[in-house]
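Here are the chains, one letter per residue:
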Amino acid sequence: FKTPDTANAYGTLANYGTVLGLGTVGAAVLLSNAGTVFNGRSGATSALIEGGRYGISNGQGEVVNDATIIATGTGAGSAGVAIQGVGTVSNLGTAALIEGYVGVYVGLDGKVTNAGTIESNQGSIGAALNFGGGNARLVDNPGAVFIGSIDGGKGGTAVLELTSASSAGTIVGLGSSVTNFTSLVFDTGAQWTVSGTDAANGLGGLGITGFTIGDTIHLSNFIAANRTFIANTLTVGDGSGGFETLSILGGGLDPNGFQIATSGKGTDITYQ
């Protein structure tokens, strides 16, 4: 159906078909206070919610997407899914897509899980995911796609959690396109390659937990020649006085278990 806005102060909307917003500045689905939106449940992967400024705008609440949510707007403040307060967004299934000028925005204490694609309609120069602040958590599944930057928000704590699956995962750009997280968590059994710099808003500002056999940290643009691990701090040196440090937390780690190998213009760090 077509609507200027679907408005509800509280409630639940389950969409199995198509919801189109008529206006260019409104939302296809607008929940003014709090509510839950399910899009494409029970195998309805062709379900579509498409609006102008927002696909879904929610004061606070939850969005669960198994299909497609799009905002066509190209101006600041436009988002595929925007939750202004406390909220949760789950983009489930490899075919699930959320797209907008900002793909997803959660204002406070947000949790976003991505197993599909979250993207900016501006491509890599845009923002795929922005958290506004508070206690934020991004749960990233192997095979998930982000097109655009990811910002954990400022002034709070932001956790980047890497989950376990049958395949290995890769995330790149910590310190450049992925910024402002405070913790990096490798789930038990997860196998990931994480790439970035030791900048304060990248790998250098993270408390890293769960790093173990099967995981790799790639330090971009740094060629290491040696390493030491003391008091949860891994220091890699280039042999000429330059060094970078990572905070790797957790008991029982053998200082001799960390291995370094050059790879392209960077260094791969593994644990054996």
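Each value, and the rule that gives it
Residues numbered from 1 in each chain as written. Predicted model: local features only at pLDDT ≥ 70, side-chain atom pairs only at ≥ 80, totals over all residues. Heavy atoms only, no water. Helix = DSSP H or I, 4+ residues; strand = E, 2+ residues; numbered from the N terminus. Rg over C-alpha atoms; globule rule 2.2 N^0.38 Å. Contact = heavy atoms within 4.5 Å. Areas by Shrake-Rupley, 256 points an atom, 1.4 Å probe, with all protein chains shown as cover. Lys, Arg positive; Asp, Glu negative; His and termini not counted. Charge placed at Lys NZ, Arg CZ, Asp CG, Glu CD. Phe/Tyr/Trp six-rings, centres within 6.5 Å; stacked < 30°, edge-to-face > 60°. Buried < 20%, exposed > 50% of the residue type's maximum accessible area, 1.4 Å probe, protein only. 1 Å grid on protein atoms, 1.4 Å probe; cavity = no way out; pocket = protein on both sides within 12 Å on 5 of 7 lines; lining within 4 Å. Points joined across faces, edges and corners; volume = space filled by probe spheres on them. Nonpolar A, V, L, I, M, F, W, Y, C, P; charged D, E, K, R; others polar. Salt bridge = Lys/Arg side-chain N within 4 Å of Asp/Glu carboxyl O. Pairing = 2+ DSSP bridges. Polar contact = N/O pair within 3.5 Å; in protein donor to acceptor, adjacent residues only side chain to side chain.

Chemist: Looking at this structure, how should I read the overall build of the protein chain?
Modeler: Per the secondary structure count, the protein chain includes 0 helices and 30 strands. Its C-alpha atoms give the protein chain a radius of gyration of 20 Å, near enough to 19 Å, the size a compact globule of 272 residues would have. Put simply, of all contacts in the protein chain between residues at least 6 apart along the chain, 51% involve residues at least 24 apart. Split by element, the accessible area of the protein chain, about 11,200 Å² in all, is 51% carbon and sulfur. Considering the protein chain, the positive charge centre built from 8 side chains and the negative charge centre built from 17 side chains are found 5 Å apart.

Chemist: Can you walk me through the packing of aromatic side chains in this structure?
Modeler: Given two aromatic rings, one states the distance between the centres and the angle between the planes to describe the pair. In the structure shown here, the tally under the stated rule is 4 aromatic pairs. Summarising the aromatic geometry, the rings of Phe186 and Phe211 are spaced 5.7 Å apart at their centres and angled 65° between planes, so their arrangement reads as edge-to-face. Placement of Phe186 in strand 22 (residues 183–186) and of Phe211 in the loop between strand 24 (207–209) and strand 25 (216–219) is noted, with a sequence separation of 25 residues between them. Each member of the pair Phe186 and Phe211 is classed as buried. Between Phe229 and Phe258, the aromatic rings sit 4.6 Å apart at their centres with planes inclined by 45°, giving tilted as the arrangement. A residue pair is termed long-range when its members are at least 10 positions apart, and Phe229 in strand 26 (residues 226–230) and Phe258 in strand 29 (residues 258–263) qualify at 29 residues.

Chemist: Help me understand the environment of Val185 in this model?
Modeler: Inspection of the secondary structure assignment puts Val185 in strand 22. For the pair Val185 and Thr163, spaced 22 residues apart in sequence, the C-alpha to C-alpha distance is 8.6 Å. Not counting chain neighbours up to four residues away, the residues in contact with Val185 comprise Val159, Leu160, Glu161, Leu162 and Thr209.

Chemist: Where do I start with empty space enclosed by the protein in this structure?
Modeler: By rolling a water-sized probe across the atoms, one finds the places where empty space is left. All chains considered together, the criterion is met by 1 cavity of 30 Å³ or more. By volume, the largest cavity is sized at about 30 Å³. Lining the largest cavity are Leu174, Gly175, Val178, Thr179, Phe181, Asn201, Gly202 and Leu206. By residue class, the composition of the lining of the largest cavity is 4 nonpolar, 4 polar and no charged.

Chemist: How do you make sense of unusual backbone geometry when you look at a structure like this?
Modeler: Negative phi is the rule for most residues except glycine; trans is the rule for most peptide bonds. A positive phi angle, near 60°, is found at Ser42, a position not held by glycine. Of note, Ser42 is situated in the loop between strand 6 (35–39) and strand 7 (48–51). The phi angle at Asn221 is positive, at roughly 60°, despite the residue not being glycine. Looking at the element boundaries, Asn221 is found in the loop between strand 25 and strand 26.

Chemist: Sorry, what's going on with the pattern of salt bridges here?
Modeler: Charged atoms that come close allow side chains of opposite charge to pair. Summed over the entire model, instances satisfying the criterion amount to 1 salt bridge. A salt bridge links Glu161 to Arg137; its shortest N-O distance comes to 2.7 Å. You can see Glu161 sitting in strand 19 (residues 157–162) and its partner Arg137 sitting in strand 16 (residues 135–140), a full 24 residues away along the chain. The class of Arg137 is partly exposed, set by a relative accessible area of 30%.

Chemist: Would you mind going over the pairing of strand 22 with me for this structure?
Modeler: Looking along a regular strand, one sees the side chains alternate between the two faces of the sheet. Only one face of strand 22 is buried, namely the one carrying Leu184 and Phe186, since none of Ser183 and Val185 on the opposite face is buried. Sheet topology note: the strand 22/strand 24 ladder contains 3 bridges and is parallel. For Leu184, the partnering residue across the bridge sits in strand 24 and is Ile208.

Chemist: Honestly, the pairing of strand 19 in this entry has me stumped. Any pointers?
Modeler: When you tally the buried positions in strand 19, you get 5 out of 6 residues, the bulk of the element. Two elements, strand 16 and strand 19, share 6 bridges in a ladder whose sense is parallel. Looking at the pairing, Arg137 lines up with Val159 of strand 19. As paired strands, strand 19 and strand 22 are joined by 4 bridges and run parallel to one another. If you follow Glu161 over to strand 22, its bridge partner there is Val185.

Chemist: Hey, could you run me through the side chain of Asn58 in this one?
Modeler: Here Asn58 shows up in strand 8 (residues 54–58). There is a polar contact of 3.1 Å between the side chain of Asn58 and the backbone oxygen of Gly35. The residues contacting Asn58, other than those within four sequence positions of it, are Leu31, Asn33, Ala34, Gly35, Ala82, Ile83 and Gln84.

Chemist: Explain the side chain of Ser120 here, please?
Modeler: Following the sequence through the fold, Ser120 ends up in strand 14 (residues 117–120). From its side chain, Ser120 meets the backbone nitrogen of Gln122 in a polar contact 3.0 Å long. Apart from the residues lying within four places of it in its own chain, the contact partners of Ser120 are Gly100, Tyr101, Gly126, Ala127, Ala128 and Ile147.

All we've got here are geometric facts, nothing functional implied.
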